[in-house]
Structures are given as C-alpha cells and as structure tokens.
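Listed below, chain by chain, are the residues.
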Amino acid sequence: MSATEKSVTTETTRPAEAARGGADSFDVERVRRDFPVLRQTVNGKPLVYLDNAASSQVPQVVIDRGGKYLREEHSNIHRGVHYLSQRATSAYEGAREKVRRFINARDAKECIFVRGCTEGINLVMHGYGRKFVSEGDEIIVSAMEHHANIVPWQMLCEEKGARLRVIPMNDAGELLLDEYDALLNERTKLVAVMHVSNALGTVNPVKEIVARAHRHGVPVLVDGAQAAPHLKIDVQDLGADFYIISGHKMFAPTGSGVVYGRAELLEKMNPFLGGGDMIRTVTFEKTTYAGLPNKFEAGTPAIASQIGLGAAIDYLNSIDRDAALAHERELLTYATELLSTISGVRIVGTAREKASVVSFVIESVHPHDVGTILDQEGIAIRAGHHCAQPVMQRFKVPATARASFAFYNTKDEVDALAVAVEKCIEVFS
Ligand SMILES: Cc1ncc(COP(=O)(O)O)c(C=O)c1O
C-alpha cells in the first residue's frame, strides 16, 4: 500500500470513533460532516435529502479516492505493464476484494463489476437465461419487483416462448409464500426477487425464498439494490445464486455495481458482452473466453467508479454499522408514526419487516404536487411509480410520494418532512 493510500485509509477510519456505540449514541451530526453535499441550502432552506433509495450521497473520502485515481493513477487496467497501469489494476482488483468481504462471497472472482443493478440483471438474463431457458419453461418474479427485475425476464420469455409467473402480495406489501410454493414446479428455471422493495420498503424473507427454490433445484437471483445500503449481506448465508448490488445506492459513484454469482453457475454461463479483456484467444475461426471474472467484463470498465465503490465499503466499515442501521430503523419508525397522525395521509406498504422507505399518498393531492411543494421547502423526496408500475396497480394508486432514509438523516429532518406534508394539505384544501 502506498503512503497516499494509507492516508486515505486513515481518513476513512476517522468517522468511526464518533459513530460507535448503540443507536442512542450514534453521532449523526458527526457522520453528516462526512457528506459535503448535505451542507447546502435549497430554496433558502437547509437541504433535507430523503431520496436515498434513488441515489445515496457520497462521503468526502470516496470523492477523494476518485480524485486520487484521476490525479495519480488514471490508466487502463490489466493490459499494461507500466507503473500507472499496475497501480490502477491493483486499486480496481483491491475494490473487488473489498466487495467480496462486504457480501461474504467465497472468492473475489465471483464478484463481477457492472455499471449498476439494471446491467447486472441483464447480464444474468443474457448469460444464464438465454442459455438455459427454453420454450415452456417458467421464471418466477414477485409482484413488487422494480422494472429492472421484470422487463429483462419478459424479454427473455418472449424470445424463448417461456412464461413469467408472479408471486402475489397481501395488502401490507408482504409476499404470499404459500402461493410462491404453488408456483414452483419442474418447469421453473429461475426465481428472481428483490431483497428490499424500493416502492414499499418491504424486506423479503429471501433466505426462505431461496431455500424453497433450492428444494426444487431452482437457482435464485436476488436484486439487492435496496438491501446493500441498509442490511448486512452474507450471500453464503442467504444461499443466493446471484446477488446484484448498485454502488450509487450505497454511497459510491454512479457507474459502479456488482453481480455476485456462484462460480459454478458463472462458469457455465455465456458471456454478456463480447470484446477485449473477456477473451483468452481470438482467431477468425473461434474465440475462447477468459476465466472469471474477466469473461464478464468486456472492454474498459468504469475503473474510477468501482474504486470508489471499494472506498465506500471502507467508509461503511469505518462507522459502527449496527448503530447506523439501528438509527435508520428509528427514523423509519418515527416517520411512520408522524405521517400516520396526519389526517389525509395514507402509508402504502405496511409490512412487518421494512427498511428505510416510507411511501405515502395524500388524499386529493397528487404525489407530483407533494414533491414540488416539498422541494420548495428544500426537501428532496421522490414522487412517481418508482419504476414499479405493477405495485402501483396492486395498490390502486397512480403514484406515491416516497421518503427514503440513510444513516445521515435526522429526526429533525423527519419533523421538517411532516410539517411540509401538512403545508401541502393546507395549500390544496
Ligand atoms: C430494487 C431496485 N432494483 C433495481 C434498480 C435499478 O438499479 P440501477 O439504477 O443501479 O440500474 C433499482 C433502482 O432504483 C431498485 O431500486
């Protein structure tokens, strides 16, 4: 490790001291200072950033790590024997090892770098689905999936003459596992479910979902986009065959993400993209492919972004994650209680197990108007279908307003949200 790399590591460990301890002692003000974007005002009000499910913010140490790569290491990876290329390669591969530890994969070669969760799911659809799914086969998804975990499978079904089956949910937004059991059969080729719902906040019992699929010999893809920022992920404990994460939702830059796949499956799959870096030999007659993970990383990857993902993982390891997650749970409970007391507000998604998302509708105010009025107050939430139109159809709403939390949010910000929601109701009454 170079001297400069050491100084970055030292910086990443600094916030830990302040944030250690139980939920009550979580020093949120200290942690907030690590996120420069939070220091601004919007429309004359302090920014209240509650759109973390769309993209979370990036701490200074991650920004610095990206800057360091661009200032001191910028170069292409793998192919070069020169100094800069070796440094870039070592930082990029170092990030892969950090990801491995973060999700507890057996081997770093099971962690394929992709540009985000959508690309990751498409990689599995092309590499696994197009090779192993045939006419008459079935793929199971859930009723609460993000479009990223629906559309690729629909495209595959259309191409192959296969059938998409859907695990239904109850009015709280919980999957009906008995119905899931009834869908599993000898035609099922894959189950693809989200770990945490971006539209409802539901935490799905993915370990159980995986176990039930495995009893039928069916592999399971878990969309972990909303779980990785809020839960501790252990892919071996979950038993997931594929687990996909997105860097920009876990304090890293856009363009970073990971497909974890069990080596045995990745070995059998077709490559996703063809080109440089993913080959062993090329002749006009035949190409042979590189081993894992390179087989799935054609062309120049998003080097700076993936190094940034490694730095974001360092950052998460440097704070007391248990205390941070307990703080997030407190925010969720507090926001749910506060919004529930406001007459005319209905929360959509009331599962027993939830993480960091409150979706709500206000009688007689369109969610887009809610979003606009809140923006005038400096509060960033998301309004719309959250790329989950089937969820909106299930709950018979055109859209919802969604506040989503990270560990750097505060109870004062939840108070500001509630006051602004009351203001919306006043304006439109
Ligand atoms: C549950 C879920 N899956 C997939 C995605 C798509 O992720 P990305 O934007 O990284 O492609 C999102 C993004 O909102 C999401 O919330």
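Coordinates for the structure precede this section.
Scope of this entry: the structure provided in the associated data block. As the structure is a prediction and not an experimental result, all values here were calculated from the model.

Rules used throughout
- Residues numbered from 1 in each chain as written.
- Predicted model: local features only at pLDDT ≥ 70, side-chain atom pairs only at ≥ 80, totals over all residues.
- Heavy atoms only, no water.
- Pairing = 2+ DSSP bridges.
- Helix = DSSP H or I, 4+ residues; strand = E, 2+ residues; numbered from the N terminus.
- Axes fitted to C-alpha atoms, helices over the stretch in contact; angles between N-to-C directions.
- Contact = heavy atoms within 4.5 Å.
- Phe/Tyr/Trp six-rings, centres within 6.5 Å; stacked < 30°, edge-to-face > 60°.
- Buried < 20%, exposed > 50% of the residue type's maximum accessible area, 1.4 Å probe, protein only.
- Lys NZ or Arg CZ within 6 Å of the ring centre and 35° of its normal.
- 1 Å grid on protein atoms, 1.4 Å probe; cavity = no way out; pocket = protein on both sides within 12 Å on 5 of 7 lines; lining within 4 Å.
- Points joined across faces, edges and corners; volume = space filled by probe spheres on them.
- Nonpolar A, V, L, I, M, F, W, Y, C, P; charged D, E, K, R; others polar.
- Domains from an automatic or database assignment.
- Near = heavy atom within 4 Å.
- Polar contact = N/O pair within 3.5 Å; in protein donor to acceptor, adjacent residues only side chain to side chain.
- Areas by Shrake-Rupley, 256 points an atom, 1.4 Å probe, with all protein chains shown as cover.
- Sits in = over half its atoms within 2 Å of the grid points.
- Parallel < 35°, antiparallel > 145°, perpendicular 65-115°, else oblique.
- Left-handed = near helix turned anticlockwise from the far one by under 90°.

### Re the sheet that holds strand β14 (residues 357-362)
Then, number 1: Read across the sheet, 4 strands follow the order β13-β14-β17-β16 without closing on themselves; strand pairing throughout is antiparallel. At either end of the open sheet lies a strand with only one pairing partner, and these are β13 (345-348) and β16 (382-384). Within this sheet the neighbouring strands show an average axis-to-axis angle of 30°, counted without direction.
Then, number 2: Judged from the 3 bridges that link them, β16 and strand β17 (residues 400-404) form a sheet pairing that is antiparallel. Of the residues in β17, the one forming a bridge with arginine 382 is arginine 402.
Then, number 3: On top of the sheet, helix α12 (residues 321-340) reaches β13 and β14; it is set at about 10° to β14, its chief contact.

### Topic: the packing of aromatic side chains
Then, number 1: In the structure shown here, the tally under the stated rule is 12 aromatic pairs.
Then, number 2: Geometrically, the ring pair formed by phenylalanine 35 and phenylalanine 251 is edge-to-face, given 6.3 Å between the ring centres and 70° between the ring planes. Of the two residues, phenylalanine 35 sits in the loop between α2 (28-32) and β1 (41-42) while phenylalanine 251 sits in the loop between β9 (242-246) and β10 (257-261), which places them 216 residues apart along the sequence. Of the two residues, phenylalanine 35 and phenylalanine 251, neither departs from the other in class, the shared state being buried.
Then, number 3: A centroid spacing of 4.9 Å and a plane angle of 45° characterise the contact between tyrosine 128 and phenylalanine 132, whose relative ring orientation is tilted. Here tyrosine 128 pairs with phenylalanine 132, and both are found in helix α5 (residues 117-132), just 4 residues apart, close to one helical turn.
Then, number 4: Directly above the ring of phenylalanine 132 sits lysine 268, whose terminal nitrogen or CZ lies 5.8 Å from the centroid.
Then, number 5: Against the face of phenylalanine 395 rests arginine 394, its NZ or CZ located 5.3 Å from the ring centre.

### So, the layout of surface pockets
Then, number 1: By volume, the largest pocket amounts to about 310 Å³.
Then, number 2: Contributing to the lining of the largest pocket are 22 residues, with His146, Asn198, Lys249, His386 and Cys387 lying nearest its centre.
Then, number 3: Going through the elements one at a time, α5 and β16 are the ones with two or more residues in the lining of the largest pocket.
Then, number 4: Of all the elements, β16 adds the most residues to the lining of the largest pocket, at 3 residues.
Then, number 5: Residues that form the lining of the largest pocket fall into these classes: 9 nonpolar, 9 polar and 4 charged.
Then, number 6: Built from parts of two domains, the lining of the largest pocket gets at least three residues from each of domain 1 (3-56 + 320-427) and domain 2 (74-317).
Then, number 7: The computed volume of the second largest pocket comes to approximately 240 Å³.
Then, number 8: What lines the second largest pocket is a set of 19 residues, among which Pro46, Leu47, Val48, Glu413 and Ala416 lie closest to the centre.

### A few points about the site of the ligand
Then, number 1: Near the ligand there are 13 residues, and of these Thr118, Asp223, Gln226, Ser246 and Lys249 occur at the shortest range.
Then, number 2: For the ligand, an oxygen atom lies 3.4 Å from a polar atom in the side chain of histidine 146.
Then, number 3: Interatomic distance of 2.6 Å between a side-chain N/O atom of aspartate 223 and a nitrogen atom of the ligand.
Then, number 4: In the complex, 86% of the free accessible area of the ligand, which totals 390 Å², lies under the protein chains.
Then, number 5: More than half of the atoms of the ligand fall within 2 Å of the grid points belonging to the largest pocket.
Then, number 6: Class assignment of the residues belonging to the shell around the ligand gives a composition of 4 nonpolar, 7 polar and 2 charged.

### Side note on the packing of α12 against helix α15 (residues 411-428)
Then, number 1: Where α12 contacts α15, the axes come no closer than 10 Å and their chain directions differ by 20°. Relative to α15, the element α12 is oriented roughly parallel. Seen from above, α12 lies across α15 with right-handed handedness. Here α12 contributes Glu330, Leu331, Tyr334, Ala335, Leu338 and Leu339 to the contact with α15, which in turn contributes Lys411, Val414, Asp415, Leu417, Ala418 and Val421.
Then, number 2: In terms of residue class, the contact of α12 with α15 is made up of 9 nonpolar, no polar and 3 charged.

Don't take any of this as a statement about function, it's just geometry.
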